Amino acid sequence: MKVTSSALDTCESSFTPLVVLELAQDVKEETKEWLKNRIISKKEDGGAQLLFRPLLNKYEKETLENQNLYLVGASKITLLLGAEAMGLVKECNDNTMRAFTYGTRYNFKDFDDDNDDFLTMAECQFIIKHELENLRARDEKMIPGYPQAKLYPGKSLLRRLLTSGIVIQVFPLHDNEALKKLEDTWYTRFTLKYQPIDHIRGYFGETIALYFGFLEYFTVALIPMAVIGLPYYLFVWEDYDKYVIFASFNLIWSTVILEVWKRGCANMTYRWGTLVMKRQFEEPRPGFHGVLGINPVTGRKEPLYPSYKRQLRIYLVSLPFVCLCLYFSLYVMMIYFDMEAWALSLHENSGSEWTSVLLYVPSIIYAIVIEIMNRLYRYAAEFLTSWENHRLESAYQNHLILKVLVFNFLNCFASLFYIAFVLRDMKLLRQSLATLLITSQILNQIMESLLPYWLQRKHHVQVKRKVQALKADIDATLYEQVVLEKEMGTYLGTFDDYLELFLQFGYVSLFSCVYPLAAAFAVLNNFTEVNSDALKMCRVLKRPFSEPSANIGVWQLAFETMSVISVVTNCALIGMSPQVNALFPESKLDLVLIVVAVEHALLALKFVLAFAIPDKPRHIQMKLARLEFESLEALKQQVQANEVQCPGIFKIMKKHR
């Protein structure tokens, strides 16, 4: 029997709070009542049919500070029907992965009417977020109490409330018991072990689990590079012809690890169900604005914005601004070289111990300036990309990533390219690369985890004292948790984490034949990065909403592009070495032609390896093909059943073909 939304329970008396909704302090009562009714109303009445109550009751509001905080939950049936509507994929009793349906719920592994763990908490919170975001205006022309906040049929109410400042934030609550268990197996004990990726996925969702899976995989993959590179550095082999073997290994290594990662990623995401999850139709992003019109695809009313206006903004404003920033980055780089020349001159004139230390100061200052410029540019890039008014979140993210990657690549690596191919000073190149790599890693650890953790601990103590000082005869545990978490920083996604790994990959691969020790420093950094990022996710930032992911997205292409560039740079560096030049004393043209030929041969080898290693393991390919076959067979049977029920209609359709 098909279960309809009218059968769902909307009782507010007792439920597990999963999501917190914070309203502005001056929100009018009629707005609160209207929002509450829309959240708890039945689906057929335009509601989300969720469970909803204020954090504090009337008595507690008089005793404690009223924060305008509300708790949102859902009944088990609501969550299961939400999982079906969103196409969540679960494992069946026959070990296949299929989209969950409520009608066939007993065919799925671990499902039981008394089992509340069939859906992970991350999935439950994601379903609630989806239901809230799909609350849409019906016949309302404005938000009650706010005539300036206009509405139109089909407009997402939550997005309008957020952009109007009526809703401050919506965030999922931590589960302290589950979080403690996760921490005990993840980062609280400093031992060399694999991360509990499946548990991370169950708590934080697939996107974050994939990041930590990639971080762990990349760190392990760096170990052979570090082991091989260490003797090259310790024995101080200055002959660059000895680095040819190491550079060649590096080029093959960078290709193989990225291809093998695709296979491991496919294994994980198939097990999680996201590899076979159908893509949802993408709605307009919250910041998108334009003239109200009809979407020709959905037939819904939504803002429409001419594409030519967006292109004008990109090419006449954003592109010149990015070019100006790139020029400024190069200008700062030249100042750095002036500082290097000054420090070198001072050392040559005095030759003392402190001037030898002073030789590293320009590189350290430049590394700090690079980090500052990267962060400032990030804010500017976000503003510009938002101003370009992209309709879809995916388009917004792609344009933002392109802007940030181009600037960060030039800002971090331009000085190294200049030293390598203009100054041709390999000693300075090694010194600069080491200083930039180590300084950036230390700064990232401090800025991303240690400083936020220290600030969060101070705030935690203040909240605890405040709650203990209250003369309220109530259990303030939930109140304390919500108030503490609402003040935590918001996790902005995996963008910065992947960017850090991308730049690290560049330091390791681009100039491997000059500084083989880079991989060793990267491994040491990543061992601490795993723990600091875990600490950041669990104790420093709000719990993010889960987001289904089948892979690491555009970052896979970014890493592959970096590996191609590394082929060119390493071949050029080896070709510039004195030992190789001595082999062609008469004709430099022959040397250039041979270097180009070797570079093309290595690139061809990379592409052959990429083609030879399948992106998905054979057993995953077979399972996906089986699912596709069964889906087509089911569709064929459905069409045949419809023909039996309505033969007249199908005869008319065939006649008009």
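Keep in mind the model is a prediction, meaning the values are calculated, not measured.

Here is what the cut-offs are and how they apply
Residues numbered from 1 in each chain as written. Predicted model: local features only at pLDDT ≥ 70, side-chain atom pairs only at ≥ 80, totals over all residues. Heavy atoms only, no water. Helix = DSSP H or I, 4+ residues; strand = E, 2+ residues; numbered from the N terminus. Buried < 20%, exposed > 50% of the residue type's maximum accessible area, 1.4 Å probe, protein only. Contact = heavy atoms within 4.5 Å. Areas by Shrake-Rupley, 256 points an atom, 1.4 Å probe, with all protein chains shown as cover. Core = buried A, V, L, I, M, F, W, Y, C linked by side-chain atoms within 4.5 Å. Salt bridge = Lys/Arg side-chain N within 4 Å of Asp/Glu carboxyl O. Pairing = 2+ DSSP bridges. Axes fitted to C-alpha atoms, helices over the stretch in contact; angles between N-to-C directions. Patch = residues over 30% accessible without salt bridge, like charges linked within 9 Å, V, L, I, M, F, W, Y side chains within 5 Å. Lys, Arg positive; Asp, Glu negative; His and termini not counted. Charge placed at Lys NZ, Arg CZ, Asp CG, Glu CD. UniProt positions renumbered as here; feature names shortened; annotations may be inferred. Phe/Tyr/Trp six-rings, centres within 6.5 Å; stacked < 30°, edge-to-face > 60°. Lys NZ or Arg CZ within 6 Å of the ring centre and 35° of its normal. Expected span 1.5 Å × (residues − 1). Parallel < 35°, antiparallel > 145°, perpendicular 65-115°, else oblique. Nonpolar A, V, L, I, M, F, W, Y, C, P; charged D, E, K, R; others polar. Bend = angle between axes of the 7 residues up to and from the residue.

Draft legend 1. A look at the overall build of the protein. Along the protein, the regular secondary structure elements total 22 helices and 10 strands. Looking at the protein as a whole, 49% of its 657 residues are labelled buried. The contacts in the protein between residues at least 6 apart in sequence include a share of 73% that link residues at least 24 apart. When the accessible surface of the protein is totalled, it reaches about 33100 Å², and 63% of it is carbon and sulfur.

Draft legend 2. Region of interest: the nonpolar core. Among the nonpolar cores identified, the biggest contains 100 residues, and Trp-186 and Trp-555 are the most heavily contacted of them. The greatest single-element share of this core, amounting to 13 residues, is contributed by helix H8 (residues 206–234). Apart from residues no more than four positions distant in its own chain, Trp-555 is found in contact with Ile-401, Leu-405, Phe-495, Tyr-498, Leu-499 and Phe-502. Val-89, Phe-108, Tyr-146 and Val-167 belong to the second-largest nonpolar core, a separate cluster that totals 53 residues.

Draft legend 3. Representation of the pattern of salt bridges. If you walk through the whole model with that rule in mind, you get 23 salt bridges. In this structure, Glu-123 and Lys-90 form a salt bridge, with 2.8 Å as the shortest nitrogen-oxygen distance. Linking Glu-123 in helix H4 (residues 121–133) with Lys-90 in strand E4 (residues 89–91), this pair joins segments that are 33 residues apart in sequence. Judged by its relative accessible area of 10%, Lys-90 falls in the buried class. A salt bridge links Glu-487 to Lys-486, with the shortest nitrogen-to-oxygen separation between them at 2.7 Å. In this structure, a network of salt bridges that share partners links the residues Lys-90, Glu-123, Arg-201 and Glu-206.

Draft legend 4. Local environment of the sheet that holds strand E1 (residues 19–23). Ordered in space as E2-E3-E1-E8, the four strands form an open sheet in which the pairing is antiparallel. The sheet is open, and its two edges are formed by strand E2 (51–54) and strand E8 (167–172), each paired on a single side. Looking at each pair of strands side by side, their axes are set apart by 20° on average, direction ignored. In the sheet, E1 pairs with strand E3 (residues 69–73) via four bridges, with the strands oriented antiparallel. Bridged to Val-19 within E3 is Val-72.

Draft legend 5. Highlighting a negative patch on the surface. The grouping of Asp-112, Asp-113, Asp-114, Asp-116 and Asp-117 at the surface amounts to a negative patch. Tracing the backbone through its elements, the reader meets Asp-117 in the loop between strand E5 (97–99) and H4.

Draft legend 6. Molecular detail of the UniProt feature "transmembrane region" (unreviewed entry) in the protein. Sequence positions flagged by UniProt for "transmembrane region" (unreviewed entry) are, in local numbering, residues 208–237, 243–261, 314–337, 357–377, 400–421, 501–524 and 591–613. Within the segment residues 357–377, helix and strand shares are 90% and 0% respectively, and the terminal C-alpha atoms sit 31 Å apart.

Draft legend 7. Expanded view of the pairing of E1. Burial runs high along E1: five of the five residues are buried. Burial along E1 is two-sided: Val-19, Leu-21 and Leu-23 facing one way and Val-20 and Glu-22 facing the other are all buried. When E1 meets E8, the two strands line up antiparallel, connected through five bridges. Residue Leu-23 lies in a different strand from E8, and its bridge partner there is Val-167.

Draft legend 8. View of the packing of aromatic side chains. Here the structure, examined in full by the defined rule, presents 33 aromatic pairs. Taken together, a centroid distance of 5.9 Å and an interplanar angle of 25° make the contact between Tyr-498 and Trp-555 stacked. Placement of the pair is Tyr-498 in helix H16 (residues 495–510) and Trp-555 in helix H18 (residues 554–576), with a sequence separation of 57 residues. Lying across the ring of Phe-118, Lys-90 places its NZ or CZ 5.4 Å from the centre.

Draft legend 9. View of the environment of Ile-228. Structurally, Ile-228 is set in helix H8. For the pair Ile-228 and Ala-520, spaced 292 residues apart in sequence, the C-alpha separation works out to 9.6 Å. Aside from chain neighbours lying at most four places away, what touches Ile-228 is Phe-246 and Phe-249.

Draft legend 10. Representation of unusual backbone geometry within the structure. With a phi angle near 55°, Gln-49 is a residue other than glycine that sits in the positive phi range. Along the chain, the position of Gln-49 falls in the loop between helix H1 (29–40) and E2. Positive phi is not limited to glycine here, since Asp-110 has a value of about 70°. Inspection of the secondary structure assignment puts Asp-110 in the loop between E5 and H4.

Draft legend 11. Structural context of H1. Its 12 residues give H1 an end-to-end C-alpha distance of 17 Å, which sits within 8% of 16 Å, the value for a rise of 1.5 Å per residue. Those residues of H1 lying buried are Thr-31, Lys-32, Trp-34, Leu-35, Arg-38, Ile-39 and Ile-40.

Draft legend 12. Spotlight on the side chain of Arg-160. Among the secondary structure elements, Arg-160 is positioned in helix H5 (residues 157–163). Of the side chains bearing the opposite charge, Glu-140 lies closest to the buried Arg-160, which forms no salt bridge; the N-O distance is 12 Å. Apart from the residues within four sequence positions on either side, Arg-160 is in contact with Ile-143, Gln-148, Ala-149, Lys-150, Leu-151 and Lys-155.

Draft legend 13. Structural context of the side chain of Glu-123. Judged by relative accessible area, Glu-123 falls into the buried class, the value being 6%. Ignoring sequence-local partners within four residues, the contact set of Glu-123 consists of Leu-88, Lys-90, Phe-118 and Arg-201.

Draft legend 14. Just the packing of helix H6 (residues 176–186) against helix H17 (residues 518–540), in detail. Between H6 and H17, the least distance of the axes is 11 Å, while the angle of their chain directions is 175°. When the interaxial angle is binned, H6 and H17 end up roughly antiparallel. Across from Leu-179, Glu-183 and Trp-186 in H6, the residues of H17 making contact are Val-530, Asn-531, Ala-534, Cys-538 and Arg-539. Class assignment of the residues belonging to the contact of H6 with H17 gives a composition of five nonpolar, one polar and two charged.

Draft legend 15. Quick peek at helix H10 (residues 307–350). Here H10 contains 44 residues, and its C-alpha end-to-end distance of 63 Å stays within 8% of the 64 Å for a straight helix at 1.5 Å per residue. In H10, a bend of some 30° at Ile-314 exceeds every other bend along the element.

Draft legend 16. Representation of the packing of H10 against helix H12 (residues 361–387) within the structure. Their axes nearest at 11 Å, the elements H10 and H12 cross at an angle of 175°. Relative to H12, the element H10 lies roughly antiparallel.

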